[in-house]
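Here is how the chains run, residue by residue.
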Amino acid sequence: DKITKEKKPRSSVLKLFASESMKYVKPDDEAEVIIHKPNWWVTGGSGSLQFAQNHISDNWYNGGESTHSLLGNLQLYANYNDREKWQWENLLDAKLGVISAPSDEYHNYLINNDQLRIASKLGLQAVNRWYYTLTTEFKTQFCNGYGANDSTINAAFLSPADWTTGIGMDYKLNKPKVTLSVQLLPLTYTMKIVTNPEVDETALGLEEGHTTKHDFGSQVKANLTWNIFSFVTVTSRFDYLTSYETVRIEWENTFKFILNRYLSATLYVYGRYDDGVAPAENGSYFQINENLGFGLNYTW
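Remember, predicted model here, so these are calculated numbers, not experimental data.

All right, on to the overall build of the chain then. Within the chain one finds 0 helices and 14 strands. The N-to-C order of helical and strand elements in the chain reads β-β-β-β-β-β-β-β-β-β-β-β-β-β. Among the 300 residues that make up the chain, the fraction classed as buried is 33%. The long-range share in the chain, meaning contacts at least 24 apart out of those at least 6 apart in sequence, stands at 54%. Summing over all exposed atoms, the chain offers an accessible surface of approximately 20300 Å²; the carbon and sulfur share of this is 59%.

Here we take up the side chain of Asp 274. Positionally, Asp 274 belongs in strand 13 (residues 263-274). Given the relative accessible area of 6%, Asp 274 is considered buried. Engagement of the side chain of Asp 274 in a polar contact is seen with the backbone nitrogen of Gly 276, the distance being 2.9 Å.

So, on to the environment of Thr 212. Among the secondary structure elements, Thr 212 is positioned in strand 10 (residues 212-229). For the pair Thr 212 and Val 194, spaced 18 residues apart in sequence, the C-alpha to C-alpha distance is 6.5 Å. Excluding anything up to four places from it in sequence, Thr 212 contacts Lys 192, Ile 193 and Leu 206.

Below, the discussion takes up the sheet that holds strand 10. Spatially, 12 strands are ordered 1-2-3-4-5-8-9-10-11-12-13-14 in a closed barrel, and the strand pairing comes out antiparallel. Taking each pair of neighbouring strands and ignoring which way they run, the sheet shows an average axis angle of 20 degrees.

Turning to unusual backbone geometry, a few remarks are in order. The peptide bond linking Ser 159 to Pro 160 adopts the cis configuration, its omega dihedral lying at 5 degrees. Examined against the element boundaries, Pro 160 turns out to sit in the loop between strand 7 (153-155) and strand 8 (161-174). Positive phi values are uncommon outside glycine, yet Leu 158 reaches one of about 65 degrees. Of note, Leu 158 is situated in the loop between strand 7 and strand 8. Residue Leu 158 is classed as partly exposed on the basis of its relative accessible area of 27%.

Here the focus is the pattern of salt bridges. Here the structure, examined in full by the defined rule, presents 16 salt bridges. The residue Glu 250 makes a salt bridge to Arg 237 at a minimum N-O spacing of 3.3 Å. A residue pair is termed long-range when its members are at least 10 positions apart, and Glu 250 in strand 12 (residues 247-258) and Arg 237 in strand 11 (residues 232-242) qualify at 13 residues. Arg 237 carries the same exposure label as Glu 250, and that label is buried.

To continue, consider the pairing of strand 9 (residues 178-193). Note: strand 8 against strand 9, 13 bridges, orientation antiparallel. Bridge pairing in strand 9 places Met 169 opposite Leu 184. Remark: 3 residues form the turn of the hairpin made by strand 8 and strand 9, two consecutive strands paired antiparallel. The sheet contact formed by strand 9 and strand 10 spans 14 bridges and is antiparallel. From the neighbouring strand, Ile 193 faces strand 10, where its bridge partner is Thr 212.

Analysis parameters
- Residues numbered from 1 in each chain as written.
- Predicted model: local features only at pLDDT ≥ 70, side-chain atom pairs only at ≥ 80, totals over all residues.
- Heavy atoms only, no water.
- Helix = DSSP H or I, 4+ residues; strand = E, 2+ residues; numbered from the N terminus.
- Buried < 20%, exposed > 50% of the residue type's maximum accessible area, 1.4 Å probe, protein only.
- Contact = heavy atoms within 4.5 Å.
- Areas by Shrake-Rupley, 256 points an atom, 1.4 Å probe, with all protein chains shown as cover.
- Polar contact = N/O pair within 3.5 Å; in protein donor to acceptor, adjacent residues only side chain to side chain.
- Pairing = 2+ DSSP bridges.
- Axes fitted to C-alpha atoms, helices over the stretch in contact; angles between N-to-C directions.
- Salt bridge = Lys/Arg side-chain N within 4 Å of Asp/Glu carboxyl O.

What follows is the structure in structure tokens.
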């Protein structure tokens, strides 16, 4: 009978009427209005610097020589998408590779990878993943190119330079791990330029004494980015161009093995077929450039 129930404390409502601190509140004459406008532009890029080294002693029983190589790659992009109809994609792709040549009589170093490519593509959505597209691309190289033990300039800046413009359709696929673009361009205009008088224009498909060449034809282009794993990315570019007299095919593949944000290993394989230029000594028009290196990598 002496047991009494504990009374529950009543909730205080006084705190609801307590005055708030005005320490961080600005007067009306100092008020600021922040307006966020939609930004349809996406910009970014990536850069890498790959190293490769091979040392062989002078008395190595199989022969050979020591070499060092360095490959730099820079990509910058600026893409516009209004999320309704229009898309505009812009890309700058630059590669420059140098390899030592101890046994070369004329050069200590040779350029084994050299490319400057500027591409732009304007698209108007037609239906679903299909876009009416207008695309243009300019491509040349930075430095003079020489053959092994040869002082003749095979290529140079703006020699050659290729400018291609095409009209057609573009199919786009955007998935979490796969991005694909396939362009069908039935009407394409191509201009090739050779400005350096020391470069043989006939070896690059031009008539003797001419500095420009104009062609019309058709083109098929494809670009693929595939994130196979979190640490493996494949980037592929395929380009088929024909003037109905000559054919040029380029297939460029980059396999990037990401170790962390700053270190990566890269396998670069570039195959090319062009029957509009002078063939190799064995009569083949097929060319290949392969490079495997380890080094610095950064993406922003």
